[in-house]
Amino acid sequence: MSTCCYKDSSKPVEKRIKDLIGRMTVEEKLGQLNQIYRGSDNPLPAEFAIQVRNGKIGSFIWGYAQPELRNQMQRVAVEESRLGIPLIFGMDIIHGARTIFPIAPAMAGAFEPELLERAQAVAAKEARAQGLEWVFAPMCDLARDARWGRVAETCGEDPYLSALCNAAQVRGFQGDDPGSGEHLAACLKHYVGYSSPRGGRDYSDTEITEWTLRNAHLPSFHAAINAGALTVMSSFNAIGGIPAVANRHTLTEILREEWKFKGFVVSDWNAVIEAVSWGYAKDHAEAARLAICAGNDMDMLSTSYYRTLAKQIEDGTVPMAVVDEAVRRVLRVKFQVGLFDRPYVDAAAYESAILRPEYLALARESVVKSTVLLKNEGVLPLSRKIRKIALIGPFGDDQTEMLGCWQGNGEPKDVVTIASGLKDKFGSKISLAVVKGCSVSTEPRMKMLQDGSTVIDDSVPMDNAGITLKEAVSAAKNADVVIMAVGEPKGITGEGGSRATLTLTGRQQELFDAVARCGRPVVTIVFSGRTLTLPEVFDKSAAVLFAWQPGIQAGNGLADLISGDAAPSARLSMSVPYEVGQVPLYYNHYVTGRRSGGVYRDGVPTAARFWFGYGLTYTKFEYSDIKIVSGKKGKPAEAVAVISNKGRRKGVETVQLYIRQLACNEGARPMQELRGFKRVALKPGESAEVRFPLTSEVLGYVDRKGNMRVDKGDFHVWIAPHARYGEPLVYSHK
Ligand code: GLC
């Protein structure tokens, strides 16, 4: 009797899968499609162990770094169940496992995809060490509406930048061998179209045409699939009334038939049975049938597959072949991440596998490269003559807020705050007064006046810490420069974090205004999971750094920038509106048949305050000799420019290539599309030529059938420091 083929690591994976499936009962097959949540840190729930022993569970969402408990549960699966099929453990590791990096829109703003790859490679090592083989990242959704809190997980509003960054994240997570013990399976989410919810309200419906789906929402997923992603997560939204979990067009026709994806698709949390509340399925059984037949392989949390499919297989409404194919895909990934041959993790090695010095150094480098300088009237980097700094605001010395909206296993105690970073940087050379001023989300105490109007009652302490404006104002008056640390609390960003306004929360605006009236130069650092409308902050600050949610090295990275030991180079991955009424607002919109004019009737501009791609440095770059050079001997034409550093400091300029196809009969194309960028480092007085070949990939688009196309005809071409800059060149593509 030959040894059990599926247990024989010398055999090809497909043979092992075939042998194993042939041995499985229907219940054991459905068990592999059943994922359960174990988020609490109490001892293993005995009931789960019984279900695992009976082959009813194939995967856990394992929310805590407890490698020993994880091994204990794995032993039940591998050593006590009939076939010994290992569990796969997954979790949301979005911008770090224990070493927490800046959130994705910040990292994308570095315009350096390799940075994301390096960061996610660290996350993979730490996650694997805690016993995870699967992370629910990267989020490939396109940010189009800042009211939607989950823009904090995206790589911004541009499909091209998002595609490069998400492919890089997959490479970081999976490496060349996801089973190597230092890598793991990525999961592209949320497939697809989740990020254009009506009204910016999370979980609401999205109406997306095939044209927009193909050219705005799908490119990032396609690039990440081509980078080898092993899994995909279907999303909560519905397109045209069809919930994504049961959308055969996206899950099978596009993902499988066009893109040849071989991994598996997991639903989002309970999304299978939510097809009932959508009014798409009549009950859990029908929801399960519609989902698995559309191409959703694994059921997260609802247990509807396990509970209802056996009977539907028996009565023929769900073909066994469909279930077998789903099981095959899940088993294939379990083999690919090495679970059959190495099902356990070395629990004793966990503590030495996290927070390594080189990881912290990378986190610090990431803060420097992802913090955007939006304004600077010469106050940054700080002058050496500065002796007294007042750091004011609820984000100045708060370890928790820096961790961001998906903090994985990140711990506040690991965080270097702004206050600590400044103290370490400047030591005794500078006296630093740190004043919280108010809490991030104190609701203002209001008082009613005789005339019935309500105003903020500033005699009432700003928050339960009894801090009032007075302490902040006196610190500001006594300082040479003020650093304000304000923003939106991490708790209202990310999932479920929809807002109807984009202003500072609590009484921060009042605090900022009072401090700004003191007449000292104000450097404002904004912490947020989304772009915010901050007219007074942008107008009254002498400098503004947009730090997003910067992670555990926030203080050191920001101190590097403020002191001038490092120079900012980041760009906005999302456009910044003047007012929330402009949203959804993104740079790559259509020209349309007629311009809507520069302002709304109430005087609010229709343009962004800061467009996608915008960001300042500590020097001054000049663009010259911008031209199109025709191609020779079959080579493509090139857009060329000379970039010169005209300032007194070295710097890195992110040179961007934008195009617009002037007439496209398949469908009008956006007024600008980013199709290339290069980071150019120049010393003062240096110049460099930058060349962008105008290839088919640069000029092309995806038609409604999913084919890449490039048309002959005229294009506008820009080489620019950000969107909406300068006049385009005209290029006629033959
Ligand atoms: C959540 C999120 C998804 C996450 C999953 C597991 O509802 O939508 O992004 O990966 O559940 O936590």
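Our subject is the structure that appears above.
About the cut-offs
- Residues numbered from 1 in each chain as written.
- Predicted model: local features only at pLDDT ≥ 70, side-chain atom pairs only at ≥ 80, totals over all residues.
- Heavy atoms only, no water.
- Near = heavy atom within 4 Å.
- Polar contact = N/O pair within 3.5 Å; in protein donor to acceptor, adjacent residues only side chain to side chain.
- Areas by Shrake-Rupley, 256 points an atom, 1.4 Å probe, with all protein chains shown as cover.
- Nonpolar A, V, L, I, M, F, W, Y, C, P; charged D, E, K, R; others polar.
- Buried < 20%, exposed > 50% of the residue type's maximum accessible area, 1.4 Å probe, protein only.
- Helix = DSSP H or I, 4+ residues; strand = E, 2+ residues; numbered from the N terminus.
- Pairing = 2+ DSSP bridges.
- Disulfide = S-S within 2.5 Å.
- Contact = heavy atoms within 4.5 Å.
- Core = buried A, V, L, I, M, F, W, Y, C linked by side-chain atoms within 4.5 Å.
- Salt bridge = Lys/Arg side-chain N within 4 Å of Asp/Glu carboxyl O.
- Axes fitted to C-alpha atoms, helices over the stretch in contact; angles between N-to-C directions.

Glancing now at the site of the ligand. All residues in the neighbourhood of the ligand are listed as Asp 92, Phe 136, Arg 150, Lys 189, His 190, Met 233, Phe 236, Asp 268, Trp 269, Met 300 and Glu 495. In the model, an oxygen atom of the ligand is placed 2.6 Å from a nitrogen or oxygen of the Asp 268 side chain. Here Glu 495 contributes a side-chain N or O atom positioned 3.0 Å from an oxygen atom of the ligand. When the ligand is considered free in solution it has 310 Å² of accessible area, and contact with the protein chains removes 94% of it. Here the shell around the ligand is composed, by residue class, of five nonpolar, one polar and five charged.

Quick look at the pairing of strand S1 (residues 34-38) now. Across the five residues that make up S1, a large majority, four, are buried. Bridge count for S1 against strand S10 (residues 299-300) is two bridges, and the pairing is parallel. Each residue of the ladder has a partner; that of Asn 34, found in S10, is Asp 299. Looking at chain direction, S1 and strand S2 (residues 59-62) are connected through four bridges and run parallel. Bridge pairing in S2 places Ile 36 opposite Phe 60.

Turning our attention to the sheet that holds strand S4 (residues 134-135). Read from one edge to the other, the open sheet built from five strands follows the order S4-S3-S2-S1-S10, with strand pairing classed as parallel. Edge strands, defined here as strands with exactly one partner in the open sheet, are S4 and S10. Of the strand pairs in this sheet, S2 and strand S3 (residues 88-91) are connected by three bridges, and their pairing is parallel. Note that in S3 the partner of Phe 60 across the bridge is Phe 89.

On to unusual backbone geometry. In this structure, the amide linkage connecting Ala 137 to the following residue, Pro 138, adopts the cis form with an omega of 5°. Tracing the backbone shows Pro 138 in the loop between S4 and helix H7 (159-174). Backbone torsion omega between Val 583 and Pro 584 reads 10°, so that peptide bond is classified as cis. Within the secondary structure, Pro 584 sits in the loop between helix H20 (554-563) and strand S19 (621-629). We note that Leu 301 has phi near 80°; this positive angle belongs to a residue other than glycine. Looking at where Leu 301 falls in the secondary structure, it is placed in the loop between S10 and helix H12 (304-314). Of note, Lys 633 is a non-glycine position whose phi angle comes to about 45°, a positive value. With respect to the secondary-structure elements, Lys 633 resides in the loop between S19 and strand S20 (638-645).

By definition, a disulfide links the sulfur atoms of two cysteines through a covalent bond. Under the counting rule described, the total for this entry stands at zero disulfides. Among the cysteines around Cys 187, which has no disulfide bond, Cys 140 carries the closest sulfur, lying 9.2 Å off.

Within H20, 10 of the 10 residues are buried, which leaves it mostly tucked inside the rest of the structure. Of all the positions in H20, only Ala 554, Gly 555, Asn 556, Gly 557, Leu 558, Ala 559, Asp 560, Leu 561, Ile 562 and Ser 563 are classed as buried. Summarising the contacts, the buried residues of H20 are in contact with helix H15 (357-370), helix H16 (418-426), strand S16 (481-487), strand S17 (522-527) and strand S18 (543-548). One or two positions beyond H20, positive phi appears at Gly 564, with a value near 90°.

In terms of nonpolar packing, the biggest core is built from 144 residues, with Phe 60, Tyr 191 and Ile 392 touching the most fellow members. Once you skip the residues sitting within four places of it in the chain, Ile 392 turns out to touch Val 435, Ala 472, Ala 476, Val 482, Ile 483, Met 484, Ala 485, Leu 511 and Val 515. By size, the runner-up hydrophobic cluster in this structure holds 38 residues, among which are Leu 373, Leu 380, Val 440 and Tyr 618.

What follows is about the pattern of salt bridges. One pass over the structure, following the stated rule, counts 49 salt bridges. Taking the shortest distance from any N to any O, the salt bridge between Arg 332 and Glu 14 comes out at 2.8 Å. Of this pair, Arg 332 sits in helix H13 (residues 320-336) while Glu 14 sits in helix H1 (residues 13-23), placing them 318 residues apart in sequence. The salt bridge involving Glu 258 is made with Arg 214; its shortest N-O contact spans 2.8 Å. Linking Glu 258 in helix H9 (residues 248-258) with Arg 214 in helix H8 (residues 210-226), this pair joins segments that are 44 residues apart in sequence. Note on Arg 214: relative accessible area 4%, which makes it buried.

Positionally, His 733 belongs in strand S27 (residues 729-733). On the accessibility criterion, His 733 (16% relative accessible area) is buried. Sequence separation between His 733 and Thr 695 is 38 residues, and the spatial gap between their C-alpha atoms is 9.8 Å. Among the polar contacts listed, one links the side chain of His 733 to the side chain of Tyr 731, at a separation of 3.0 Å.

Reading across the sheet, the six strands line up as S11-S18-S17-S16-S12-S13 and stay open at both edges, with mixed pairing between neighbours. Strand pairing shows two members of the sheet lacking a second neighbour, strand S11 (372-376) and strand S13 (431-435), which therefore form its edges. Direction aside, neighbouring strands of the sheet carry axes that sit 15° apart on average. Relative to S18, S17 runs parallel, the two sharing five bridges. Within the sheet, the bridge partner assigned to Val 523 lies in S18 and is Ala 543. Together, S16, S17 and S18 form the strand contacts of H20, whose direction differs from that of S17 by roughly 150°.

What follows covers the environment of Gly 557. As for its placement among the helices and strands, Gly 557 is situated in helix H20. Judged by relative accessible area, which is 0%, Gly 557 ranks as buried. Sequence separation between Gly 557 and Cys 187 is 370 residues; the distance between their C-alpha atoms is 29 Å. Sequence-distant contacts of Gly 557, that is, excluding residues within four places in its chain, are made with Arg 364, Val 367 and Val 368.

As for its position among the elements, Asp 202 is in the loop between strand S5 (187-191) and H8. For the pair formed by Asp 202 and Cys 187, sequence separation is 15 residues and the distance between their alpha carbons is 20 Å. Not counting the four nearest positions on each side in its chain, Asp 202 is found in contact with Trp 148, Arg 150, Tyr 194, Glu 495, Gly 496 and Ser 498. A distance of 2.9 Å separates a polar atom in the side chain of Asp 202 from a polar atom in the side chain of Trp 148.

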